[in-house]
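Architecture at a glance
One-letter residues, chain by chain:
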Amino acid sequence: MGCITSLINKANEKRIKLSVVIPCYNEEKTLKKCVENVLKIEDESLLLEIIIVDDCSTDCSLLIAQEVERKYANVYVLVHESNRGKGAALRTGFQKASGDFVAIQDADLEYNPMDLKKLLIPLVNNEADVVFGSRFISCGAHRVLHFWHYAGNRLLTIISNMFTDLNLTDMETCYKIFRKDVIANLSIEENRFGLEPEIVAKVAHMRLRVFEMAITY
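The sections below set out a description of the structure shown in this document. (Residues numbered from 1 in each chain as written. Predicted model: local features only at pLDDT ≥ 70, side-chain atom pairs only at ≥ 80, totals over all residues. Heavy atoms only, no water.)

Moving on to the side chain of S45. If you trace the backbone, S45 turns up in the loop between helix 2 (31-39) and strand 2 (46-54). At 2.8 Å, the side chain of S45 and the side chain of D43 are in polar contact. (Helix = DSSP H or I, 4+ residues; strand = E, 2+ residues; numbered from the N terminus. Polar contact = N/O pair within 3.5 Å; in protein donor to acceptor, adjacent residues only side chain to side chain.)

It is the contact of helix 2 with helix 3 (residues 61-71), at a shortest axis distance of 9 Å, that shows an interaxial angle of 30°. With respect to helix 3, the axis of helix 2 lies roughly parallel. The two elements helix 2 and helix 3 cross, and the hand of that crossing is right-handed. Side by side, helix 2 and helix 3 meet where L31, K32 and V35 of the first sit next to S61, I64, A65, E67 and V68 of the second. Here the contact of helix 2 with helix 3 is composed, by residue class, of five nonpolar, one polar and two charged. (Axes fitted to C-alpha atoms, helices over the stretch in contact; angles between N-to-C directions. Parallel < 35°, antiparallel > 145°, perpendicular 65-115°, else oblique. Left-handed = near helix turned anticlockwise from the far one by under 90°. Contact = heavy atoms within 4.5 Å. Nonpolar A, V, L, I, M, F, W, Y, C, P; charged D, E, K, R; others polar.)

Our next topic: the sheet that holds strand 2. An order of 3-2-1-4-6-5-7 is seen for the seven strands of this open sheet, with the pairing classed as mixed. Unpaired on one side and paired on the other, strand 3 (75-79) and strand 7 (210-214) mark the two borders of the sheet. If you compare each strand with its neighbour and ignore which way they point, the axes differ by 20° on average. On the sheet, helix 2 packs against strand 1 (16-24), strand 2 and strand 3 and is oriented at approximately 160° with respect to strand 2. Packing of helix 8 (residues 195-205) onto the sheet brings it into contact with strand 5 (130-134), strand 6 (176-179) and strand 7, and relative to strand 6 it is tilted by some 35°. (Pairing = 2+ DSSP bridges.)

Right, dumping it as structure tokens:
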């Protein structure tokens, strides 16, 4: 990870600010650990802003989020008064984001936030406008996933690629990082399950420089 930090430093003399938006609905078992894992990636080259959007959780997620907010100065909690879906939560979080780059992080523990530093490199080097993480690109040893989960994701990705003329391997990935100006011009309309293909389709329509990099899962 030290070499990644040095690459970021080399590409940009100032400290980079990354806004990480975490949509949350009934994630009391994992939310605190998830935020703590994200906080670990902050260093002398990377300043974090973490935005938790509680989508009207019915468990203790909001109380946990507010506890974390009180503990850390760079964690902010936004609240929906009714359950509106992940897409709506991201819209709310994106409006608050003030970083140079904006990332999406699920509130569970399926993704490793250390990968976000790797995904930032093409953005900081001004080679990409959007970087997607892929669970299906090999980078050494990786966990074997269930076949039908893999097959379903591959089918959806192929259909998406047919319409967008992109060559993605993992359209449904959570890990997506955008330049701030891209987020400002990306209007998300879907609230629930159509969110991922909508983002990919609109990114393709904007003719942006899209990169994809392997992530752990």
